[in-house]
Amino acid sequence: MSTIDSTVVLLTCSDDGQARPLGVNSSGLVTGVPEVALPTRPDRTAVDPVLAEHEPQRVVVAGTDADLAAVLTRLLRTDRLGVEVAYLPSARSAATAAWGLPTGENALRLALTGAASPVPLVRDDAGGVLVGRAEIHDIAGECYCDSVLVLRGRTRRLVVTPGPAGIAVRAGWTGRPPDGRERAVAPRAPHGRGSALGRAVQVGCEPAIVINDGVAHPREVPRWTWYRHTQDWLLVRP
């Protein structure tokens, strides 16, 4: 892909809604693509008109994991999962770790010249998507990953992450991200904590707050599900 391409749109998400001109970096990479300033966690009123006007082949999202999730949600809701997505993270994040993405100038170079490939799209039953990390703190209940029991009882952290292989979950005390290995809780055990990798994670618990990509759900919920969508999204990654 050319580094100057009218089918690429840079979406810069910031608190003040102002664009951050990138110009030419020290490597001489020209970033002469249309740039649109958006608020943080942009909603349909901010994103949908941009998609309709530019009809991009690729969107480059500059911001946080929550901003990336917000844009991806609009691509899902408007049936545009064929649009390639590149990420310019404001810092190293759960999403850069989950998908093996670079930061800084390497991220810019990848966003403009890299290739996109299909990766699992993780949705939740509240209508959102997950791109980096979800957590439930001080949870009491049960959690299954597909048919594998990974929590019965109480634990300090339940952590869920997406990735190329699917959805990973770990129940524990430290909040360490899951590593994809299966450590099942015995079906008859009165309590236990484990981990797994699969297509869906289902939680039933005492009402708790779910945090997706750093954003807390507005109210406590007694159940939550993350699941792999039937269609992948196209992520630009190494």
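Residues numbered from 1 in each chain as written. Predicted model: local features only at pLDDT ≥ 70, side-chain atom pairs only at ≥ 80, totals over all residues. Heavy atoms only, no water.

Observations concerning the overall build of the chain
Within the chain one finds four helices and 17 strands. For a compact globule of 238 residues, the expected C-alpha radius of gyration is about 18 Å, and the chain comes in at 19 Å, within 12% of that figure. Counting only C-alpha atoms and orienting by the principal axes, one finds that the chain spans roughly 60 × 30 × 30 Å. Long-range pairs, those at least 24 residues apart, make up 67% of the contacts in the chain between residues at least 6 apart in sequence. Summed over its atoms, the accessible surface of the chain is roughly 11,000 Å², and 49% of this surface lies on carbon and sulfur atoms. (Helix = DSSP H or I, 4+ residues; strand = E, 2+ residues; numbered from the N terminus. Rg over C-alpha atoms; globule rule 2.2 N^0.38 Å. Contact = heavy atoms within 4.5 Å. Areas by Shrake-Rupley, 256 points an atom, 1.4 Å probe, with all protein chains shown as cover.)

A look at the packing of aromatic side chains
Under the definition given, this model contains two aromatic pairs. Ring centres of W99 and W233 lie 5.8 Å apart, and the angle between their planes is 90°; on these two criteria the pair is classed as edge-to-face. Of this pair, W99 sits in helix α3 (residues 94–99) while W233 sits in strand β17 (residues 233–236); the two residues are 134 residues apart in sequence, bridging distant segments of the chain. Judged by relative accessible area, W233 falls into the buried class, the value being 2%. Aromatic pair W224 and W226: ring centres 6.2 Å apart, planes at 55°, arrangement tilted. The buried category is assigned to W224, whose relative accessible area is 4%. Since its relative accessible area comes to 1%, W226 is described here as buried. (Phe/Tyr/Trp six-rings, centres within 6.5 Å; stacked < 30°, edge-to-face > 60°. Buried < 20%, exposed > 50% of the residue type's maximum accessible area, 1.4 Å probe, protein only.)

Considering the sheet that holds β17
Pairing is mixed across the open sheet formed by six strands, whose spatial order is β2-β1-β3-β4-β17-β5. Edge strands, defined here as strands with exactly one partner in the open sheet, are β2 (35–39) and β5 (116–119). Each neighbouring strand pair of the sheet contributes to a mean axis angle of 30°, computed without reference to strand direction. Sheet topology places strand β3 (residues 58–63) next to strand β4 (residues 84–89); six bridges connect them, and they run parallel. Its bridge partner being in β4, V61 is matched across the sheet by Y87. Along the sheet, helix α2 (residues 65–77) makes contact with β1 (8–14), β3, β4 and β17, crossing β3 at roughly 150°. This element, helix α4 (residues 104–113), spans β1, β3, β4 and β17 of the sheet and lies at about 165° to β4. (Pairing = 2+ DSSP bridges. Axes fitted to C-alpha atoms, helices over the stretch in contact; angles between N-to-C directions.)

Brief notes about the environment of S147
In this fold, S147 is placed in the loop between β8 (134–145) and β9 (148–163). For S147, a relative accessible area of 67% translates into the label exposed.

Some remarks on the pattern of salt bridges
Applying the stated criterion across every chain yields a total of 10 salt bridges. With a shortest N-O distance of 2.8 Å, R74 and D48 are connected by a salt bridge. Taken together, the residues R74 in helix α2 and D48 in helix α1 (residues 44–54) connect sequence positions 26 residues apart. Residue classification places R74 among the buried positions, given a relative accessible area of 9%. Between E135 and R133 there is a salt bridge, with its nearest N and O atoms 2.5 Å apart. On the basis of relative accessible area, E135 is assigned to the buried category, the value being 16%. (Salt bridge = Lys/Arg side-chain N within 4 Å of Asp/Glu carboxyl O.)

Focus: α2
With 13 residues, α2 ought to run about 18 Å at 1.5 Å a step, and its terminal C-alpha atoms sit 18 Å apart, in line with that. Inspection of α2 places D65, A66, D67, L68, A69, A70, V71, L72, T73, R74, L75 and L76 among the buried residues, and these make up the whole buried set. Positive backbone phi, at 60°, marks D79, one or two positions downstream of α2. (Expected span 1.5 Å × (residues − 1).)

Examining unusual backbone geometry
The phi dihedral of E55 falls on the positive side, at around 45°, and the residue is not glycine. On the accessibility criterion, E55 (64% relative accessible area) is exposed.

Keep in mind that these numbers describe shape and distance, not what the molecule does.
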